[in-house]
Amino acid sequence: MVSVLSSRVSAPEATAPEPRRRGSIARGRRRLGIAYATPMAVLVAVFFVVPLGLMLWMSVNHWPLVGASAPNGVENFAALSDPLFLRAVGFTLKYTAVTTVVLGLVAFGLALLVQHDRPGTGFVRTVFFLPSAVGLASTSLLFYGLFTTDSSALNQVAGFLGLGRVDWLGSEGSSLGSTVGMITWRFAGFYMLILMTGLQAIDPELYEAARIDGANRRQILWRVTLPLLRPTLALAMVLSLTGSLLAFDQFFILTGGRHDTATVVIDIYREAFLSQDLGRAAAVSVATLAVLIVLNFAQLRLIRREGR
Amino acid sequence: MIRGAGRHVTSAALAVLFLLPLLWTLYSSLTGRQAGESGTGNYRRLADYGSGLGTYLLNTTVVALVAVSVTVVTTTLGGYAMARLAFPGRNLLFLVTLAILMVPYTTILVPLYLLLGWLGLQNSLIGLGLVLAVLQLPFGLFMMRNSFEALPIELEEAALIDGCSAGGALWRVLLRGVLPGIVTIALFSFLAAWNEFVAPLIFLTDGEKFTLPVALFNLQSGSLGSVDFGALQAGVVVSALPCVAVFLVLQRYYVRGFTSGALKG
C-alpha cells in the first residue's frame, strides 16, 4: 500500500499502437484519456484538494460551528500552546514510541517463526493475520469487554493467577499498556506479512555463504538478515509511526478520550465538535499535517538511501 | 532461536493466544445474561437495539457498496488512462492522487464536514461512501495502473485490429486481464468502509443513519444507563463476521494486494 510512496512517481509514456492516421487517432486517445480520468479527477478535486485548501483558510479564521466566520490571523494557533493539547502531544508520542517498538519486535518474531513453508505454517500464518480482518473499532469494543467485565477470559486468568481485580484502563499507564497489547494483537499479523515478504526476498546463497564462513545463527541474524531487511523494516516503521500518531478509535472507545489518554486527533475532534471551534481545530490540523509531512519526507529519504 | 519441535509448540501456543479473544467474544455473545435466557438472547436484544440491527447493517452495506463501486469504476478507468492513454495533466493528477496518502484524512475531517454540508451531503450515506472511496483512490490507482501495464500491449493491438474501439478493447478484452487487481481493490475498500469509525461518527448525525461501528459505540457508551455487554459482544461478532469470512475466502488476493511492490525499497 504505502510502497506506492517509494516507487517511481512519474507515469510512463503512453504506448499507443502504431497508427496509420496518427494525428486523428492520437487526438482520439487523448480525448478518451481525459474522459476516463475525469471521474477520478473530480473526486480528488472535490474531496481532497478543496478541503485541504479550506483547512488552510479556516485555520486563519474565527470559525464557530454555528454562525458567521471572521478572519483572525494566527490567533487560532494559540491552541497549540493549550496545556491539554500539549498533554495530548506528549501522550501520543509516548504511545507511538511504545507501540512501534513492541509491535516491531513481536511482528519480527512471528515472521522469523513462520517464514519458511513447513507443514502447518500456512494455517498458523492465517491465524496470526486473522485479527487484521477485524475492524479497529470492533477490536476496541471486543477488548473493552475483555478489560472491563469481571467474567472476561482476561480477568478470569488474572483472578486465577491471584492478581485480584485488575483495573486495565484505570490510569494513564495501565491504559497505555492495555491498548498497546490490544494493538499488537490486532496488527502483529499484518506487519508479520510485510516483514515475511522482506525475509523471503533475501538471497538464500547469502545465508549459505555466511554458514560456510562459520557464522552461527545469531551472527547471521545480526550481520546478514537485519541489514538486508532494513528497507522493509523502515517501511513497517513508517506505517506504524503514521498510524500511531493519528490514533483515535482505540482511545476514544477504550477510555472515552479521557484527558490523560487523549491523542492529538481526539484533541482535534474535541476542539471542533465539543468546543465547536472549527478554526482552532483547523489550526491544530495544519500543524499536525506539517509535522507529518516533514516526518514522511525524512523517512522516505531514509528508506531510499538504505534501499540502494 | 527456536527449532524443530520447539517451533511447532511455540507456533501452536501463539496461534491459541491469537484466537482466544475471538473465541471469547463468540462464546460470551452466546451466553445468556439472565438465567433462563437462551443462547441467542444477546442477539435478540441487539436486533431490537436503537433503530434495529437490520437498519444499521443496511446502512453499513450501502456505505460499503458506494465506496467499493465508486473506487473500482474510477480507478479502473483512471488506471487505464494512466497506463495507456496520453492526456494533458496526467502526471499532475497522478501526483495529487498519491498525495492523499501523505495527508491523513483525519486532519481534513473538519473542512470535509463543512463541504459535505454545502453539497447537501451531510448526514448522507452516499456522501460518506464518496469520502471513503476517495481514501482508497491512491492504492486503487496504483494497483490498476500496474495491472494494465502488466498486460501485453499486443492484446490491445489485436483487439483494435479486430475492429474494437479503444473503449471496446477495454471492455471486452482488457477487463478480464486486470480482474485480480479489481478484486483486490474491491476487497480493500469494502473492509475499510465497513469498519470505518471516525468519519461516520462525525458525518452522520441522525441515529437512523448510523453505521454498525457507530451504533455499537453508542451501545457501549451506554446511552441507556448500564452497558449491555452481552449485546455488545454479539454486535462485535456481527460486525466482524463478514470481514473474517471475506478474508478467508479471498485471502489469496488480499495477501497479494498488500505485498505487491512492498519490496521495492
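In what follows, the structure referred to is the one given above.
The rules we used
- Once a new chain begins, its residue numbering starts again from 1 and follows that chain's sequence as written.
- Chains and ligands are labelled sequentially in the order written, the chains with letters from A and the ligands with numbers from 1.
- The model is predicted, so local features are restricted to residues of pLDDT at least 70 and side-chain atom pairs to those at 80 or more, both for listing and for counting; the totals for chains, interfaces and linings are taken over all residues.
- Side-chain calculation: all heavy atoms of the structure are included, whereas hydrogens and water are not.
- In what follows, a contact means two residues having at least one pair of non-hydrogen atoms within 4.5 Å.
- Think of a salt bridge as a Lys or Arg side-chain nitrogen and an Asp or Glu carboxyl oxygen that are within 4 Å of each other.
- Under this definition, polar contacts are N or O atom pairs within 3.5 Å; protein pairs additionally need one hydrogen-donor-capable and one acceptor-capable atom, and for neighbouring residues in sequence, both atoms have to be side-chain atoms.
- Polarity classes work like this: nonpolar for Ala, Val, Leu, Ile, Met, Phe, Trp, Tyr, Cys and Pro, charged for Asp, Glu, Lys and Arg, and polar for all others, with Gly in that last group.
- Only residues whose relative accessible area exceeds 30% and that form no salt bridge are eligible for patches; like-charged ones are grouped when within 9 Å, while nonpolar side chains (Val, Leu, Ile, Met, Phe, Trp, Tyr) are grouped when within 5 Å.
- Every accessible area reported is derived by Shrake-Rupley at a probe size of 1.4 Å, with residue values counting cover from the shown protein chains alone.
- A helix here means a DSSP run of H or I that spans at least four residues, while a strand means a run of E at least two residues long, and both kinds are numbered starting from the N terminus.
- Accessible area is worked out with a 1.4 Å probe on protein chains only. A residue is then buried under 20% of its type maximum, exposed over 50%, and partly exposed in between.

1. Quick look at the interface of chain B and chain A
(1) Moving on: Each partner contributes residues to the interface: chain B has 105 residues there, and chain A has 102 residues.
(2) Moving on: Summed over the shared surface of chain B and chain A, the result is 0 salt bridges.
(3) Moving on: Joining chain B to chain A, the criterion identifies 7 residue pairs in polar contact (both at pLDDT 80 or more).
(4) Moving on: Each residue belonging to the side of chain B that touches chain A can be placed in one class, and the counts come to 75 nonpolar, 21 polar and 9 charged.

2. Section: a nonpolar patch on the surface
(1) Moving on: Together, Val16(B), Leu20(B), Leu23(B), Leu26(B) and Leu30(B) make up a nonpolar patch on the protein surface, roughly 430 Å² of accessible area in all.
(2) Moving on: With respect to the helices and strands, Leu23(B) occurs in helix H1 (residues 4-29).

3. Section: unusual backbone geometry
(1) Moving on: We note that Gln276(A) has phi near 55 degrees; this positive angle belongs to a residue other than glycine.
(2) Moving on: In this structure, Gln276(A) sits in the loop between helix H11 (264-274) and helix H12 (278-307).
(3) Moving on: Of note in the backbone geometry, Asn123(B) takes a positive phi value of approximately 60 degrees without being a glycine.
(4) Moving on: Residue placement: Asn123(B) occurs in the loop between helix H5 (109-118) and helix H6 (125-150).

4. Details of the pattern of salt bridges
(1) Moving on: Under the criterion given, the structure shown has 9 salt bridges over all chains.
(2) Moving on: Residues Lys94(A) and Glu172(A) are paired through a salt bridge, measuring 2.6 Å at the closest nitrogen-oxygen approach. On the criterion of sequence distance, the pair formed by Lys94(A) in helix H3 (residues 83-114) and Glu172(A) in helix H7 (residues 172-200) is long-range, its members being 78 residues apart.
(3) Moving on: Residue Glu149(B) pairs with Arg145(B) through a salt bridge whose shortest N-O separation is 3.8 Å. Placement of the pair is Glu149(B) and Arg145(B) together in helix H6, with a separation of 4 residues, close to one helical turn.
(4) Moving on: With relative accessibility at 26%, the residue Glu149(B) sits in the partly exposed group.

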